[in-house]
2 protein chains.
Amino acid sequence: MYQYAESLTRLIEQFACLPGIGPKTAQRLSFYVLNNMSEQQVKVFAQALLAVKKNITTCPVCCNLTDVTPCRICQDEQRNHTQICVVEEAQDVIAIEKTREYKGLYHVLQGRISPMEGKGPEDLKIKELLARLGDARVKEVVLATNPDVEGETTALYLAKLIKPLEVKLTRIAHGVPVGGDLEYADIATLTRALSGRREV
Amino acid sequence: MYQYAESLTRLIEQFACLPGIGPKTAQRLSFYVLNNMSEQQVKVFAQALLAVKKNITTCPVCCNLTDVTPCRICQDEQRNHTQICVVEEAQDVIAIEKTREYKGLYHVLQGRISPMEGKGPEDLKIKELLARLGDARVKEVVLATNPDVEGETTALYLAKLIKPLEVKLTRIAHGVPVGGDLEYADIATLTRALSGRREV
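Fair warning: this is a prediction, and the values are worked out from it, not measured in the lab. (Residues numbered from 1 in each chain as written. Chains lettered and ligands numbered in written order. Predicted model: local features only at pLDDT ≥ 70, side-chain atom pairs only at ≥ 80, totals over all residues. Heavy atoms only, no water.)

### Considering the confidence of the model for chain A
Line of reasoning, step 1. Taken residue by residue, chain A gives an average pLDDT of 91. The fraction at 70 or more is 100%.
Line of reasoning, step 2. Two summary scores accompany this predicted model of the complex, namely pTM at 0.81 and ipTM at 0.83. (pLDDT = per-residue confidence, 0-100.)

Here's what the structure looks like:
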């Protein structure tokens, strides 16, 4: 049986290796590259792929992804160096940055405590976080791990370690999401929203 | 506002240029490349992208995509050189090959007559098809354009051109799809199925 020319088959295979991309999508993307992209555009794409592996490293201070050492946030003297916001992944930094509310530093744990995934505290960048707390400038640690079981476990674990040190320790608020509907809020969220109520 | 490191942002942008890939998927794919692929795997991917643009050309005989000249099908003397199956796209060749029913040659029009998309007969590889019909070996042309309005128009147009020549001209059968349900077949399909009925 005849199949696509070898180079085309190989590109389809490569696309199909990516998560969430099945054989049909891989074929569609490959044909798009072949028919709709200029040689120059494909070159730029290929270089972007190689560059990401070559240039991106982990910031030795906050363990975020970076292409400079230390990363742009850790370098930035405009930011509030008295606060450290602890998150699970690099993606969470972007999510918090989008609020434009937080001006402090970050610490990326690169995961969370999850026995299911075989991840314990020793797999996270906790040692690096504790080392940073030695800096007299740091006054507050904000725990911003995800509000799920693993995230809570991780926050609890960190709280135990950090409590004895002389820094303020906070956790992001849990409650009903803005724009949500009380009727459809789950019990756990509503319970947290009630217990965390504030005077107006 | 802080954004991802430059190399990462650029790769996300590149993925987001592909059809059907939104910003969230582009981010997910970029993180997959960064975290789950080895440098070697990324190199292979980048090379596959470049190779497809460099190696894939159009077969001068059948206008199919190929990395050898003429393409593997046109070269193959095992195949039946008396039949030419006319299809719209290279993908259609693969679809027909999967049936393992057809052993002849192909001709890829690289499109179809579609005034809506601004495509006329002069944009298709019709001249190349007619040139092939000069070969005395060719006995039959099978029109296998898509069974939609544009495909039918294209088939009709080709039929007018080829009819005067001394070759058998056929069109793939239209009817109810195998495994389908008569109750849900559309009127046009059912009409074609009835008019195309065969003695058993």
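### Digging into the pattern of salt bridges
Line of reasoning, step 1. Going through the model one piece at a time under the given rule, you end up with 20 salt bridges over all chains.
Line of reasoning, step 2. Close ionic contact of Asp67(A) with Arg72(A) constitutes a salt bridge, the shortest N to O distance being 3.1 Å.
Line of reasoning, step 3. When the shortest N-O distance is used, the salt bridge between Arg137(B) and Glu77(B) registers 3.6 Å. Of this pair, Arg137(B) sits in the loop between helix H6 (126–133) and strand E5 (140–143) while Glu77(B) sits in the loop between helix H4 (72–75) and strand E3 (80–87), and the two are 60 residues apart along the sequence.
Line of reasoning, step 4. Glu77(B) sits in the exposed class, given a relative accessible area of 55%.
Line of reasoning, step 5. A single network of salt bridges, built from pairs that share partners, joins Glu88(A), Arg112(A), Glu117(A), Asp148(A) and Glu150(A). (Salt bridge = Lys/Arg side-chain N within 4 Å of Asp/Glu carboxyl O. Helix = DSSP H or I, 4+ residues; strand = E, 2+ residues; numbered from the N terminus. Buried < 20%, exposed > 50% of the residue type's maximum accessible area, 1.4 Å probe, protein only.)

### Re the domain arrangement of chain A
Line of reasoning, step 1. Split into domains, chain A comes out as domain 1 (6–55) and domain 2 (79–195).
Line of reasoning, step 2. One C-alpha centre belongs to domain 1 of chain A, the other to domain 2 of chain A, and the line joining them spans 37 Å. (Domains from an automatic or database assignment.)

### Things to note about the packing of aromatic side chains
Line of reasoning, step 1. The full count for this structure, using the stated rule, is six aromatic pairs over all chains.
Line of reasoning, step 2. Here Tyr102(A) and Tyr106(A) contribute two aromatic rings whose centre-to-centre distance is 5.2 Å and whose plane-to-plane angle is 65°, an arrangement assigned as edge-to-face. (Phe/Tyr/Trp six-rings, centres within 6.5 Å; stacked < 30°, edge-to-face > 60°.)

### Topic: the nonpolar core
Line of reasoning, step 1. Core analysis: the biggest nonpolar cluster contains 109 residues, and Phe15(A) and Phe15(B) have the highest contact counts within it.
Line of reasoning, step 2. Leave out the neighbours within four places in its chain, and Phe15(A) touches Ile21(A), Ala26(A), Leu29(A), Ser30(A), Val33(A), Phe45(A), Leu18(B), Phe45(B) and Leu49(B). (Core = buried A, V, L, I, M, F, W, Y, C linked by side-chain atoms within 4.5 Å. Contact = heavy atoms within 4.5 Å.)

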